[in-house]
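Analysis of the macromolecular model
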Amino acid sequence: MKSLPELLSEQPVFAGLSESDLVFLAGCCGLHHVPHGDVVFREGGPADRAFVVRSGRVVLELHEPGRGSFSVGTVEPGEVLGWSWLHAPYRWRTDALAVGDSSLFAFDAACLRQKLEADPRLGYAVVLRMAELATERLHATRVQLIDLYGPRSGDREDRR
Amino acid sequence: MSGYDALWTPVLHRITRWRRDLDDTVTFGLAPVEGAEALAPPRPGQFHMLWVYGIGEVPISVSGIDRDGTPVVHTVRAVGRVTEALCRLQPGDTVGVRGPFGSAWPEARPGEDLLVVAGGLGLAPLRPVVHAAIEAPERFGSLTVVIGARSPSALLFEEEIRSWSHEGVDVRVTVDYADAGWRGSIGVVTRLLRDAVRDPARTVALVCGPEVMMRASARELTSIGLPGASILLSLERNMECAVGLCGHCQLGAKFVCVDGPVLSWERIEPLLGIREV
């Protein structure tokens, strides 16, 4: 059976971190199992944990009274779930629900922030990765917004 | 028919099978009318010029080869005058066909993993590759198909995709928009690629879809470690003559109708970065 630092080393977000860094981070981490359909967090709730999806899938939703919930994206295995834990006011901005039985790495956010502040080298490395992930997610959202597969404007004929 | 005539003279074909896939998309089989000379069989990735008499001609990729008793199958989305007319045709109606034209998807080599990445209607030109791979699994390592669609209801060949999973194909689908009932992935296809590649050095990726999606996929695959020569894209340009004479589909020094539509990322990347080329 693999240790928690070994399991963390397999996650893309932690790739390249040293064994001692992973052991250091694993001190704040536990595994969290969420059955299908259960809530991981709710919009406005305290962002007191940081998550990485280990297996299963988590859907992010926004709720509009009178119109229901809108699925705005999913977080897949190996991906970071949420970054509201990283900065004030530490409140989630969406709902998150498990799709299928899911397993998450769950870090105590206060513990994690404390460790990242105590070790600025590691703190910078982790925050830089979070910034990269946020940039990738922002670009992906922009691509979704242009509705690539939607109806085409104009009447240009094409091959497909 | 002589080589020259085969290039320029449409051969009359009859629609044999017909199916509406989506509100704006149909798939139909074509066979030469009685007495007409059969065209050369196409290879996956090639295209035909389909002529609706009195309206016009358009390039359409082959979406099936020699299936269900039909020599060639095409999938057409109604986006303009000619494609709308093609989508209105019914079994028994006739169209003119020239071709096949262009380059084909490369055949997988034993031991190579095949990664098919399709966005929207881009799945149509890749469908014959999947069919061929399923029929000859000994000719490659593994087959993974990653599909991006606008929404679950806009997923092309939905039933068939389900059957691919039962045939041992690793199928991964993601959509841009979904309601609460969707249990699959929501987001762009590039996010599914890293997990879909086992060994970058022996993976060949075949990518087809809108160009933004293909560029993003190729860049992601490159960052995963696939060489540019192992990433093949099927380009979409304004092909008219289909034989490299009219210049409408010119991309730098290449004519997409002759040098493409299937080109490697290694060859095409510098050109895709230039506007108005």
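Residues numbered from 1 in each chain as written. Chains lettered and ligands numbered in written order. Predicted model: local features only at pLDDT ≥ 70, side-chain atom pairs only at ≥ 80, totals over all residues. Heavy atoms only, no water.

1. So, empty space enclosed by the protein
One simple way to see leftover space: roll a probe sized like a water molecule over the atoms. Under the criterion given, the structure shown has 3 cavities of 30 Å³ or more. The computed volume of the largest cavity comes to approximately 120 Å³. Along the wall of the largest cavity there are 13 residues; nearest its centre are Phe14, Trp85, Phe107, Leu112 and Val126 of chain A. The element contributing the most residues to the lining of the largest cavity is strand E3 (residues 49-64) of chain A, with 3 residues. Considered class by class, the residues forming the lining of the largest cavity number 13 nonpolar, no polar and no charged. By volume, the second largest cavity amounts to about 40 Å³. Around the second largest cavity, the lining residues are Asp113, Leu114, Leu115, Ser142, Thr144, Ala196, Val197, Arg198 and Thr203 of chain B. Partitioning the lining of the second largest cavity into residue classes produces 4 nonpolar, 3 polar and 2 charged. (1 Å grid on protein atoms, 1.4 Å probe; cavity = no way out; pocket = protein on both sides within 12 Å on 5 of 7 lines; lining within 4 Å. Points joined across faces, edges and corners; volume = space filled by probe spheres on them. Helix = DSSP H or I, 4+ residues; strand = E, 2+ residues; numbered from the N terminus. Nonpolar A, V, L, I, M, F, W, Y, C, P; charged D, E, K, R; others polar.)

2. A look at the sheet that holds strand E10 (residues 185-186) of chain B
Residue and element names in this part refer to chain B. Strand order across the open sheet formed by 7 strands is E10-E9-E8-E7-E11-E12-E15, with mixed pairing between neighbours. In this open sheet, the two strands that pair with only one neighbour each are E10 and strand E15 (262-264). Taken together, the 6 bridges between strand E7 (residues 113-119) and strand E11 (residues 203-208) define a ladder with parallel strand orientation. Looking at the pairing, Ala118 lines up with Cys208 of E11. Contacting E7, strand E8 (143-149) and E11, helix H3 (residues 123-135) runs over the sheet at an angle of about 155 degrees to E7. (Pairing = 2+ DSSP bridges. Contact = heavy atoms within 4.5 Å. Axes fitted to C-alpha atoms, helices over the stretch in contact; angles between N-to-C directions.)

3. With respect to the interface of chain B and chain A
On the side of chain A, 31 residues touch chain B, which itself brings 46 residues to the contact. Between chain B and chain A, roughly 3,200 Å² of surface is buried when both sides are summed, and carbon and sulfur atoms account for 52% of that area. Three residues, Arg183, Arg191 and Glu236 of chain B, lead the burial of chain B against chain A; their summed loss comes to 21% of the area buried on that side. Along the contact surface separating chain B from chain A lie 2 salt bridges. Taking the shortest distance from any N to any O, the salt bridge between Asp147 of chain A and Arg150 of chain B comes out at 2.7 Å. On the surface where chain B and chain A come into contact, there are 11 residue pairs in polar contact (both at pLDDT 80 or more). Elements supplying a minimum of two residues to the side of chain B that touches chain A: strand E4 (56-67), helix H2 (81-88), E8, E10 and helix H6 (211-224) of chain B. Top contributing element to the side of chain B that touches chain A by residue count: E4 of chain B, with 4 residues. (Buried area = accessible area lost by both parts, 1.4 Å probe. Salt bridge = Lys/Arg side-chain N within 4 Å of Asp/Glu carboxyl O. Polar contact = N/O pair within 3.5 Å; in protein donor to acceptor, adjacent residues only side chain to side chain.)

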